[in-house]
Amino acid sequence: MSIISDFNDDEKGMVLEGLTLNVKQIQDDLLKEILTLNSGTEYLQNFLHGSSAKEIFKKKLPIVTYKDVKPFFDRVANGDSSDIISALPLTNFFMSSGTSGGANKLLPSNNKFLDGYAFINDLLVHVISKHVEGVDKGKGMVFHLTGHETRTPGGLPIEPGTSWYLKSDYFKNRPSNWFYSYTSPDEIMLGSDLKQNLHCHLLCGLVQRDEVVRISSTYASGMVRVIKVLEDSWKELCSNIRSGHLSEWITDSGCRNAVSMVLGGQPRPKLSDEIENICSQKSWEGIMKRLWPKTKYIEAIVTGSMVQYIPTLEHYCSDLPLVSTTYASSESIIGINIYPLCEPEDISYTLMPNISYFEFIPVEGDIVDVVDLADVKLGSSYKLLVTNLWGLYRMRIGDIVKVTGFHNKAPQFRFLGRENALLSIDTDRTNEEYLFKALNRAKLVLKSSDLRLVDFTSYADVSSSAPGHYVIYWEVNVINEDMKNLEFDQKTFLECCSVMEDSFDDEYRYCRSNEFVGPLEIRVVNDGTFDSLMNLSISKGTSVTQYKTPTCITSEKGLQVLEKNVVARFFSTLSASHFA
Ligand code: AMP
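So, how was this worked out
- Each chain has its residues counted from 1, following the order in which its sequence is written.
- In keeping with the predicted nature of the model, local features appear solely for residues at pLDDT of at least 70, side-chain atom pairs appear and are counted solely at 80 or more, and the whole-chain, interface and lining totals rest on all residues.
- Hydrogens are left out, water is left out, and the side-chain values use all remaining heavy atoms of the structure.
- UniProt positions are given in the numbering used here, feature names are shortened, and annotations may be inferred rather than shown by experiment.
- For the purposes of this entry, the term helix denotes a DSSP run of H or I that reaches at least four residues, the term strand denotes a run of E that reaches at least two, and both are numbered from the N terminus.
- Both definitions apply: the radius of gyration is a C-alpha atom measure, and the globule rule equals 2.2 Å times residues to the power 0.38.
- Only protein chains enter the calculation, and the probe is 1.4 Å; a residue is then buried if its accessible area is under 20% of its type maximum, exposed if over 50%, and partly exposed in between.
- Residue contacts are defined here by distance: any two heavy atoms, one from each residue, within 4.5 Å place the two residues in contact.
- In this charge count, Lys and Arg are treated as positive and Asp and Glu as negative; neither His nor the chain ends contribute.
- Where a charge lies is defined by one atom per residue type, namely NZ (Lys), CZ (Arg), CG (Asp) and CD (Glu).
- The split of the chain into domains comes from an automatic or database domain assignment.
- Here the quantity called buried area is the accessible surface, traced with a 1.4 Å probe, that two parts lose on coming together, added over both.
- Salt bridges are counted wherever a side-chain nitrogen of Lys or Arg sits within 4 Å of a carboxyl oxygen of Asp or Glu.
- Each polar contact in these results corresponds to two N or O atoms within 3.5 Å; when the atoms are within protein, one needs to be able to donate a hydrogen and the other to accept it, and residues that are neighboring in sequence are counted only if both atoms are side-chain atoms.
- DSSP-based pairing: two strands are paired if at least 2 bridges between them are found.
- Buried Ala, Val, Leu, Ile, Met, Phe, Trp, Tyr and Cys residues form a nonpolar core when they are joined through side-chain atoms within 4.5 Å.
- Between the N-to-C directions of two axes lies an angle of 0 to 180 degrees, each axis being a line fitted to C-alpha atoms and, for a helix, fitted only over the stretch in contact.
- When the centres of two rings from Phe, Tyr and Trp lie within 6.5 Å, Trp using its six-membered ring, the rings pair. Their planes under 30 degrees apart give stacked, over 60 give edge-to-face, and anything left gives tilted.
- Every angle not falling under 35 degrees, over 145, or within 65 to 115 is termed oblique; those three ranges are roughly parallel, roughly antiparallel and roughly perpendicular.
- By the definition used in this description, the sense in which the near helix is turned from the far one sets the handedness, with an anticlockwise turn below a right angle giving left-handed and a clockwise turn giving right-handed.
- Given a helix with a known number of residues, its expected span is that number minus one, times 1.5 Å.

The name given to the protein in an unreviewed UniProt entry is 4-substituted benzoates-glutamate ligase GH3.12 isoform X1, and the organism recorded there is Raphanus sativus. Listed in UniProt under the heading Sequence similarities (unreviewed entry), the comment for the protein reads: "Belongs to the IAA-amido conjugating enzyme family."

Written out as structure tokens, the structure is:
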């Protein structure tokens, strides 16, 4: 992978053209490089016996899941030499947030991952500045967060990919262009106390509100959380700005010093009045643009399980475009969105052929039909496999993607969801795609009653009823801010139960009609319950920037948090015969 940070914009454009024109050659060369480099590893020796030929790789190397290769990863984590899977030393483990069941995966990595990360960022500099005029005329309020790091028994650091990047020399020696120009000093991004870091990020962003041209957080869920912190603490933030002094409870010395430099001990009563004036207005609709008037877009991933946050973001950000730039995972950086200003429902990612070797199992086919990146078909859906330079070979990452078009020869993919069935009571298997379809229909019903879904998760409850049934936990709030109390309108929630059930697939209908599955239940939980769920996960080592609410919850502790907060229950009134 070439270093392109010193390239000018035209040159970066040419790199993107070159990559997308020569997909097949680049992928074949990369596979050759991976196999030649790693042919001596114990893992590849077992199957390929020293060969680096593509035909042998395709014929002999098994397609695996995380569970299959976990014993190798565990050996490295426990102190075995990394050359059992990778010729290049493995230096880090990533804690992948895992999107199904909330289970974390531990994946080995090394600097090659960061090469990819830096490369993609450099390409994004080109793609975004091509579409967003004036983005280079100010700063980014970017909610980079690091959190704490743990170690494997063998002593290798365990952290999310984004944290590792922020602590690395790649970030320290980053290019000096608009993409890396932030309102927050690095110390805030590198601090380990998330509450303190968010307060300081917001403070720096508010003090420089006239310079902010973009607001960014990795996932939409993170952006929603930032807005919640703003809602809870704008008075305190204003008081800090008014006095020129940071609140005493911020004890992280790195943050304190960095923010002191920004505040300079200078009282700013006028600025504080302006912000107070905006925040004390009854409606917070469009607040982001009012607080940061020069903002051109909000950057956050809004695809996949993040789709559910779009209405909330649209409420607070009004007409600001929501820009979803990157598709990445702990297994590999995968692709970028080369049309950053497109509507959320049109977002597709162009896979970058020089980062990892990608293969695709057709959803409607067999494992023997696995195809290369250059051979996927428009309109088809696939399960994604990754072979990378640092020890992952033909690994199913669990994502399902659909080909929506091509840029030159490079296919573009819409993210459809995770592979695993989420909810299952009997022979029914309801996956994310169906669950989201059902939720989208229910959200329309909620909207017509002035209610908004804040967050959700689901659970296959096989113990409280016989037959078992699907439980959907919902946190909702009111759209119309005049309505002080959230009234549980029985009719609305019952209708939500029915439209959801009616959206599931034939197998669900079959099970429901035969009473193998009972009526779906919505359990409404208290305001803030999903924040508590997130805090629980973070306390167990998940990074706040990578955290995604599990679409289906299996953790006992997580369930307890939800159950403690249930304030109302509604069961679908549709009869079994309705599904026949
Ligand atoms: P992690 O390993 O914790 O970074 O999680 C990676 C997973 O997050 C991917 O395998 C996807 O399921 C999901 N993900 C990452 N980027 C996107 C995106 N742009 N759109 C939808 N889902 C994404």
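There's more to say after this.
(A) Spatial organisation of the overall build of the protein. The helix and strand inventory of the protein stands at 20 helices and 20 strands. Relative to its length of 580 residues, the protein is compact, with a C-alpha radius of gyration of 24 Å against a globular reference of 25 Å. Each principal axis of the C-alpha distribution contributes one length, and for the protein these read about 70 × 65 × 45 Å. Split into buried and exposed, the 580 residues of the protein put 59% on the buried side. Look at the contacts in the protein between residues 6 or more apart in sequence, and 69% of them connect residues 24 or more apart. The centroid of the 58 positive side-chain charges in the protein is displaced by 1 Å from the centroid of its 74 negative side-chain charges.

(B) Spotlight on the domain arrangement of the protein. Its domain assignment divides the protein into domain 1 (9-111 + 326-418), domain 2 (134-295) and domain 3 (432-579). Here domain 1 and domain 2 have C-alpha centroids that lie 33 Å from each other. For the pair domain 1 and domain 2, the summed buried surface comes to about 1100 Å²; carbon and sulfur atoms form 59% of the total. The largest share of the area that domain 1 buries against domain 2 comes from Asn92, Phe93 and Phe94, three residues that together contribute 38% of it. Our count for the domain 1 to domain 2 interface comes out at zero salt bridges. At the surface where domain 1 touches domain 2, the tally comes to six residue pairs in polar contact (both at pLDDT 80 or more). Contributing elements (two or more residues each) for the side of domain 1 that touches domain 2: α5 (66-77), β1 (92-96) and β2 (105-109).

(C) Geometry of the UniProt feature "domain: GH3 middle" (unreviewed entry) in the protein. Here the UniProt-annotated "domain: GH3 middle" (unreviewed entry) positions come out as residues 349-418. Its end C-alpha atoms 16 Å apart, residues 349-418 is made of 0% helix and 57% strand.

(D) A look at unusual backbone geometry. The backbone of aspartate 450 shows a phi angle near 65°, a positive value even though the residue is not glycine. Assignment of secondary structure puts aspartate 450 in the loop between α16 (432-448) and β17 (451-461). Look at glutamate 515: it is not a glycine, yet its phi comes out positive at around 60°. Within the secondary structure, glutamate 515 sits in the loop between α18 (506-513) and β19 (521-525).

(E) Structural detail: the sheet that holds strand β3 (residues 139-142). Pairing in this open sheet of four strands is parallel, and the strands run β3-β6-β7-β8 from one edge to the other. In this open sheet, the two edge strands, each paired with only one partner strand, are β3 and β8 (322-323). Across four bridges, strand β6 (residues 212-219) lies against strand β7 (residues 297-301) in parallel orientation. Considered in β7, the bridge of arginine 214 is made with tyrosine 297.

(F) Inspection of the nonpolar core at higher detail. Counting residues in each nonpolar core, the largest one holds 87 residues, and the members touching the most others are Ile215, Leu230, Leu291, Trp292, Phe360 and Tyr473. Among the elements that line this core, the one with the most residues is helix α11 (residues 220-243), at ten residues. Not counting chain neighbours up to four residues away, the residues in contact with phenylalanine 360 comprise Leu351, Asp369, Val370, Val371, Asp372, Leu373, Val376, Tyr382, Lys383, Leu384, Val401 and Phe413.

(G) Quick look at the sheet that holds β19. Taken together, four strands build an open sheet; the order of strands is β17-β18-β19-β20 and the sheet is mixed. Of all the strands in the sheet, just β17 and β20 (566-571) have a single pairing partner and so form its edges. Neighbour-to-neighbour, the strand axes of this sheet turn through a mean angle of 25°, independent of strand direction. Of the pairings in the sheet, the one linking strand β18 (residues 469-478) to β19 comprises four bridges and is parallel in character. Paired with isoleucine 472 across the bridge in β19 is isoleucine 522.

(H) Up close: the packing of aromatic side chains. Evaluated as defined, the whole model comprises 26 aromatic pairs. Both rings, one in tyrosine 43 and one in tyrosine 393, keep their centres 5.6 Å apart while their planes meet at 15°; by these two values the pair is stacked. On the criterion of sequence distance, the pair formed by tyrosine 43 in helix α3 (residues 42-48) and tyrosine 393 in the loop between β14 (381-387) and β15 (395-407) is long-range, its members being 350 residues apart. Exposure remark for tyrosine 43: the relative accessible area of 4% places this residue in the buried category. Here the aromatic rings of phenylalanine 171 and tyrosine 182 are separated by 6.2 Å at their centres, their planes lie at 25°, and the arrangement is stacked.

(I) Just the packing of α16 against helix α17 (residues 490-501), in detail. Where α16 contacts α17, the two axes come as close as 8 Å, and the packing angle between them is 155°. Relative to α17, the element α16 lies roughly antiparallel. Note on packing geometry: the crossing formed by α16 with α17 is right-handed. Residue-level inspection shows Leu435, Ala438, Leu439, Arg441, Ala442, Val445 and Leu446 of α16 in contact with α17, the latter providing Thr492, Phe493, Glu495, Cys496, Val499 and Met500.

(J) Here's a closer look at the side chain of threonine 20. Looking at the element boundaries, threonine 20 is found in helix α1 (residues 9-21). At 3.1 Å, the side chain of threonine 20 forms a polar contact with the backbone oxygen of glutamate 17. Here threonine 20 is in contact with Thr350, His407, Asn408, Lys409 and Ala410, once residues within four sequence places are set aside.

(K) Layout of α16. Taking 1.5 Å of rise per residue, 17 residues should cover 24 Å, and α16 covers 24 Å from first to last C-alpha, within 8% of that figure. Buried within α16 we find Glu432, Leu435, Phe436, Ala438, Leu439, Ala442, Lys443, Val445 and Leu446. Structurally, α16 contributes buried residues whose contacts are with β16 (410-418), β17, β18 and α17. Positive phi shows up at aspartate 450, right after α16, with a value of about 65°.

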